[in-house]
Amino acid sequence: MRNFWVRFLTLLLVVSYSFAQRPSKPTSTEIHHSLKKLNFLGTALYVAAHPDDENTRLISYLSNHEKARTVYLSLTRGDGGQNLIGPELRELLGVLRTQELLAARSVDGGEQWFSRANDFGFSKHPDETLTIWDKDKVLGDVVWAIRNLRPDIIINRFDHRTPGTTHGHHTTSAMLSVEAFDLVNNPEVYPEQLELTSVWQPKRIFFNTSWWFYGGRENFEKADKSNLVKMDTGVFYPELGLSNNEIAAVASSQHLCQGFGRLTTRGSQDEYVELLKGDMPQTNNLFQGINTTWSRIEGGKAIGDILYGIENNFDFTNPASHVPQLIEAYKLLQEIDDEHWKILKSEELKDIILACSGLYLEASASTSSTTPDNSVKLNFEILNRSEVGFNLKEIQLVDSDKKLSPNISLSNNKKENLTLDFSVAENQNISGPYWLNTPWSLGMYNVDNQSMIGKAQTPSAFKVDFILSYDGLDIPFRKDVVYRFSKPDRGELYEPFVVLPEVTTQIEEKVLIFASNEPKDVRVKVRAGKDNISGEVQLNHPAGWVVSPPSKSFSIEKVGQEQIVTFQVAPPSMDSEGKLSPIAKIKGETFDKELVEIAYDHIPKQSVLLPSEAKVVRMNITKTGEHIGYIMGAGDKVPESLEQIGYQVHIIDPNDIQSGSLEKYDAVVVGIRAYNVVENLKFKQPFLFEYVENGGNLIVQYNTANRWRKQIDNLAPYELSISRDRVTNENAQVTVLAKDHSLVNFPNAVTAKDFDNWVQERGLYFPNQWGSEFTPILSMNDKGESAKEGSLLVAPYGKGHYIYTGLSFFRELPAGVSGAYKLFANMLSIGKNEMKSENNVKG
């Protein structure tokens, strides 16, 4: 048992370390596992819509049991989802979820691809999805992926034949995959792609079905399965010391921002796929009848004779003994004409040569970042931990003329440390997610470089080729330049080495609400990307707004240091919206980007450059009350938004909630999904209800039904049942049901205009049943659906009021939607005597 946990913890460490750029250090059994995969020449493509849609059991099974190259094509990066672990939403959430997918693939052995489709949020039908996505481009991206990856089999996660029964993105992913299957071999379809790739025809396409798609286990048991293939994805891998479903659970658990952390499972577990097109396999091997041996390619038999021999007679105690044969196979591989398999298998083979030799090659920078036209020092560590006679001939900085030519013999276990100084080109590209380099639309990212389409992430800014010579043959081993450092409380760490602008700026508050004519101080954070920079910042602003002074100077001594400059911004007297954009100038060059760093332990640090800007809104809004208690849930920016309109928001630790502890607050707000993620909050319900009964105002924002926790009991003082009802169209008509209720009248009159310009959705997880004590305030619905009246419910309880809302205030307030602010201010003010409105901030 102890050995099992050692192996399991090792797997977890490999996940964490590999995605912090840490070099791979496989054991002999892992090398042998990779050798088996090297000797399998077949590819599977799994297709779905979002991060976490993928079936990690099947991906791991195909990769580790069948030994196939297995790629997950996610049409989107999950930009429209929610975030359980932090504040990132929209494009920043897409960056985070991209890295979680890559972390999952590093566990289950798969690879990751994407299309240019932007996840715009929940969609109820493919028709809606394809009015927002550009179908021709997304279909082209699927065709491009198939032509490049050349899969023998394709597996769709969802059923293309049942539109309207699940997320529109889900069904669309399957529809496009099926359509692409019939198009990819036609040279007249997307002919421009053929300048960089070639036509291809997969052999089979499947649908990864299960009892869920049949409406229940009983229905599935009775169903005709003659067109289904069953596989046991609970198989055990002795070389890895793990069951397939254990690996799958760890892979799936990388989707932490979606709450997918889970227990591992073991034991037999059946998985089914339904044949859609192509010939039916005669066994439970999806590749049955497809040549996946080295004889598949011309000239491959001689390579296979060598490599199969190594696989069958592998020396686990001295893998280095196989290096001469591996290098002979590498030489033969360079002579074959099939560029697809030559490139793929050469990289796999070189990794195995490194692992068998115990060769450690690392290129690390002395700093975490640099800037264009700056100097960089690279540190190289080279270590041969075997008796194999390698010479280090050259170290070449890729796409540069900078190199070292040490031409030294690498003795067993004698470490070589070398350095190289070079100057970064003035026109060097800035690091960051490539799909965010140009403005994007609600439904699509704009990527003009065809060769970048599909890639999971931007390639490393700098790469190094270590040219090793063996018996007269030069073999290049390419490594990314990384940043290696240590912290006393965490040990050795790795981060991507990135190129940043000389200076970035950031307005600390992304939305600034002006509820009166009074000016506000706006703080701009200026961050140095290199040592000793100085210049000035000006604040571009909308017409009618006044900024003073016109510019501010800055001077920063060290890279990474920040300086705050403050401007006074005065709004117009009438309602107005616009953007403030800080522009930094250094020696005539302008800089207009903000640096956002995304740092979590389970992914590498991400440096994202976005337009530096903040939204400014002048609105006439009235509030009552002063002190708001806020119980954080899964993370949102509602507290900061409420502070924008003059409230003092106090974050409440649920552990501190006791009888009478909440009486000092004018209202208490429960953050999104709090009951889903704060385990002990359910034990505090008596104290929350006591607060309401004594005259308090409790506002509970949406919680999910049956996802991260079971259905929540005792959520409200009266009957209240949360459903999966939602309104996804942010422009859906809203009808006020309770026109005379204070929630739409005091202290602000809420009209139909206040539901204009909402973003992404109206709301989600509305209750669909409630007690007669509740009053529904609003009604809304998506096209073709019945009216949903559970978005905003209010009930008196004792001397106070209980409000439950599924409206997406967590999106609308940070986006500066003025109508959402007015409605939330009314919710906070319910029950307050109008005489107290003398504390208002009405302009």
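Data block above holds the structure.
Conventions and cut-offs
Residues numbered from 1 in each chain as written. Predicted model: local features only at pLDDT ≥ 70, side-chain atom pairs only at ≥ 80, totals over all residues. Heavy atoms only, no water. Helix = DSSP H or I, 4+ residues; strand = E, 2+ residues; numbered from the N terminus. Rg over C-alpha atoms; globule rule 2.2 N^0.38 Å. Contact = heavy atoms within 4.5 Å. Lys, Arg positive; Asp, Glu negative; His and termini not counted. Charge placed at Lys NZ, Arg CZ, Asp CG, Glu CD. Pairing = 2+ DSSP bridges. Axes fitted to C-alpha atoms, helices over the stretch in contact; angles between N-to-C directions. Patch = residues over 30% accessible without salt bridge, like charges linked within 9 Å, V, L, I, M, F, W, Y side chains within 5 Å. Areas by Shrake-Rupley, 256 points an atom, 1.4 Å probe, with all protein chains shown as cover. Salt bridge = Lys/Arg side-chain N within 4 Å of Asp/Glu carboxyl O. Buried < 20%, exposed > 50% of the residue type's maximum accessible area, 1.4 Å probe, protein only. Arc of directions from axis to C-beta. Phe/Tyr/Trp six-rings, centres within 6.5 Å; stacked < 30°, edge-to-face > 60°. Lys NZ or Arg CZ within 6 Å of the ring centre and 35° of its normal. Polar contact = N/O pair within 3.5 Å; in protein donor to acceptor, adjacent residues only side chain to side chain. Core = buried A, V, L, I, M, F, W, Y, C linked by side-chain atoms within 4.5 Å. Parallel < 35°, antiparallel > 145°, perpendicular 65-115°, else oblique. Left-handed = near helix turned anticlockwise from the far one by under 90°. Nonpolar A, V, L, I, M, F, W, Y, C, P; charged D, E, K, R; others polar. Expected span 1.5 Å × (residues − 1).

A. Looking closely at the overall build of the protein. Helix and strand counts for the protein come out as 17 helices and 43 strands. Taken over the C-alpha trace, the protein has a radius of gyration of 30 Å; the compact-globule value for 843 residues is 28 Å, and the two agree within 12%. On the principal axes, the C-alpha backbone points of the protein span a range of 90 × 75 × 60 Å. Taking contacts inside the protein between residues at least 6 apart in sequence as the whole, the part at least 24 apart equals 74%. Separation between the mean location of the 87 positive side-chain charges and that of the 107 negative ones in the protein comes to 2 Å.

B. Representation of the sheet that holds strand β33 (residues 627-631) within the structure. If you trace the 7 strands from one edge of the open sheet to the other, you get β34-β33-β35-β36-β43-β42-β40, paired in mixed fashion. Looking at the sheet topology across the chains shown, the edges are occupied by β34 (648-651) and β40 (775-776). Across 6 bridges, strand β42 (residues 792-797) lies against strand β43 (residues 800-805) in antiparallel orientation. Within β43, the position partnered with Ala-795 by the bridge is Tyr-802. With respect to the sheet, helix α15 (residues 685-693) is in contact with β33, β35 (667-670), β36 (697-701), β42 and β43, its orientation differing from that of β43 by roughly 125°. Against the sheet, helix α17 (residues 818-829) contacts β33, β35, β36, β42 and β43, and its axis sits at roughly 140° relative to β36.

C. Quick look at a negative patch on the surface. Among the surface-exposed residues, Asp-134, Asp-136, Glu-192 and Glu-195 lie close enough to one another that they form a single negatively charged patch. Assessed through its relative accessible area of 71%, Glu-195 is described here as exposed.

D. Highlighting the pairing of strand β27 (residues 562-570). Here 8 bridges tie strand β23 (residues 520-528) to β27, and the two strands are oriented antiparallel to one another. When the sheet's bridge partners are listed, Val-522 is paired in β27 with Phe-567. With 3 bridges connecting them, strand β25 (residues 546-548) and β27 associate as antiparallel partners. Considered in β27, the bridge of Val-547 is made with Val-569.

E. Just the environment of Ser-818, in detail. By secondary structure assignment, the location of Ser-818 is in helix α17. Measuring from C-alpha to C-alpha, the distance between Ser-818 and Asp-601 comes to 36 Å, with 217 residues separating the pair along the chain. Not counting residues within four places of it along the chain, the set of residues in contact with Ser-818 comprises Glu-577, Val-617 and Met-619.

F. Representation of α15 in the model. Three or more residues of α15 are buried, namely Gln-685, Leu-688, Phe-689, Tyr-691 and Val-692. One side of α15 holds all its buried residues, which, seen down the axis, span an arc of 150°. In the stretch just after α15, Gly-695 is the one whose phi turns positive, near 115°.

G. Spotlight on the pattern of salt bridges. According to the stated counting rule, one finds 44 salt bridges in the structure shown. Where Arg-478 meets Asp-465, a salt bridge forms, and the shortest distance between an N and an O atom there is 2.7 Å. With Arg-478 in strand β18 (residues 473-487) and Asp-465 in strand β17 (residues 463-470), this pair connects stretches of sequence that are 13 residues apart. With a relative accessible area of 11%, Asp-465 lands in the buried category. For the salt bridge of Lys-623 with Glu-626, the shortest nitrogen-to-oxygen distance reads 3.3 Å. Several salt bridges converge on common partners, so that one network encompasses Lys-124, Asp-782, Glu-785 and Lys-788.

H. View of the packing of aromatic side chains. Per the stated rule, a full pass over the model turns up 25 aromatic pairs. Centroid distance Tyr-702 to Tyr-765: 6.0 Å. Interplanar angle 5°. Geometry classified as stacked. Placement of Tyr-702 in the loop between β36 and β37 (720-727) and of Tyr-765 in strand β39 (residues 763-770) is noted, with a sequence separation of 63 residues between them. Aromatic ring contacts, followed pair by pair, group Phe-689, Tyr-718, Phe-774, Tyr-797 and Tyr-802 into a single cluster. The ring of Phe-567 carries Lys-552 above its face, with NZ or CZ at 6.0 Å from the centroid. If you follow Arg-762 out to its NZ or CZ, it ends over the ring of Trp-758, 5.5 Å from the centre.

I. Structural detail: the pairing of strand β22 (residues 511-514). The alternating pattern of β22 places Val-511 and Ile-513 on one face and Leu-512 and Phe-514 on the opposite face, and all of these are buried. When β22 meets strand β32 (residues 614-618), the two strands line up parallel, connected through 4 bridges. Note that in β32 the partner of Val-511 across the bridge is Lys-615.

J. Representation of the sheet that holds strand β9 (residues 270-277). Overall, mixed pairing links the 7 strands, which are arranged β3-β2-β1-β4-β5-β9-β6 in an open sheet. In the strand order of this sheet, the two ends are held by β3 (111-114) and β6 (228-232), each with one partner. Here the strands of the sheet are splayed against their neighbours by 30° on average, with no regard to which way each runs. The sheet contact formed by strand β1 (residues 43-48) and strand β4 (residues 153-156) spans 4 bridges and is parallel. When the sheet's bridge partners are listed, Leu-45 is paired in β4 with Ile-154. Sheet contacts for helix α7 (residues 168-181): β1, β4, β5 (204-207) and β9; angle to β4, the most-contacted strand, approximately 160°.

K. A look at the side chain of Thr-197. With respect to the secondary-structure elements, Thr-197 resides in the loop between α7 and β5. Among the polar contacts made by the side chain of Thr-197, one reaches the main-chain carbonyl oxygen of Arg-147 at a distance of 3.2 Å. Sequence-distant contacts of Thr-197, defined by excluding residues within four places in its chain, comprise Trp-144, Arg-147 and Asn-148.

L. Broad picture of the nonpolar core. Of all hydrophobic cores here, the largest spans 76 residues; its most connected members are Leu-778 and Tyr-802. Of all the elements, α17 adds the most residues to this core, at 7 residues. Judged by nonpolar contacts, the second largest core, of 54 residues, contains Ile-352, Leu-392, Leu-468 and Val-499.

M. Looking closely at the packing of helix α4 (residues 90-108) against helix α9 (residues 244-252). As a packed pair, α4 and α9 sit with axes 8 Å apart at the nearest point and diverge in direction by 165°. It follows that α4 is roughly antiparallel to α9 by the angle criterion. The element α4 and its partner α9 pack so that their crossing is right-handed. For the pair formed by α4 and α9, the contact residues are Ala-104, Val-107 and Asp-108 on the first element and Ile-247, Val-250 and Ala-251 on the second. In terms of residue class, the contact of α4 with α9 is built from 5 nonpolar, no polar and 1 charged.

N. Summary view of α17. Here α17 spans 17 Å end to end across 12 residues, near enough to the 16 Å set by a 1.5 Å rise per residue. Judged by how many residues are buried, α17 sits mostly within the fold: 11 of 12 residues are covered. Every buried residue belonging to α17 is among Gly-819, Ala-820, Tyr-821, Lys-822, Leu-823, Phe-824, Ala-825, Asn-826, Met-827, Leu-828 and Ser-829, and all of these are buried. Following α17 by one or two positions, Gly-831 adopts a phi angle in the positive range, close to 85°.

O. Region of the structure containing the packing of helix α11 (residues 323-333) against helix α12 (residues 339-357). Packing of α11 against α12 brings their axes to within 10 Å, and their N-to-C directions diverge by 165°. Considering the angle they form, α11 stands roughly antiparallel to α12. As α11 runs across α12, the sense of the crossing is left-handed. Taking contact as the criterion, the partners of Val-323, Leu-326, Ile-327, Ala-329, Tyr-330 and Leu-333 in α11 are, on α12, Lys-342, Lys-345, Ser-346, Leu-349, Lys-350, Ile-352, Ile-353, Cys-356 and Ser-357. Looking at the contact of α11 with α12, its residues break down into 10 nonpolar, 2 polar and 3 charged.

P. Molecular detail of the environment of Trp-294. Relative to the elements of secondary structure, Trp-294 occurs in the loop between β9 and α10 (300-312). On the accessibility criterion, Trp-294 (1% relative accessible area) is buried. For the pair Trp-294 and Leu-228, spaced 66 residues apart in the sequence, the C-alpha separation amounts to 29 Å. Other than its neighbours up to four places away in sequence, Trp-294 contacts Leu-38, Asn-39, Leu-41, Gly-300, Lys-301, Ile-303, Gly-304, Leu-307, Tyr-308, Leu-333 and Lys-345. A distance of 2.9 Å separates the side chain of Trp-294 from the side chain of Asn-39, its partner in a polar contact.

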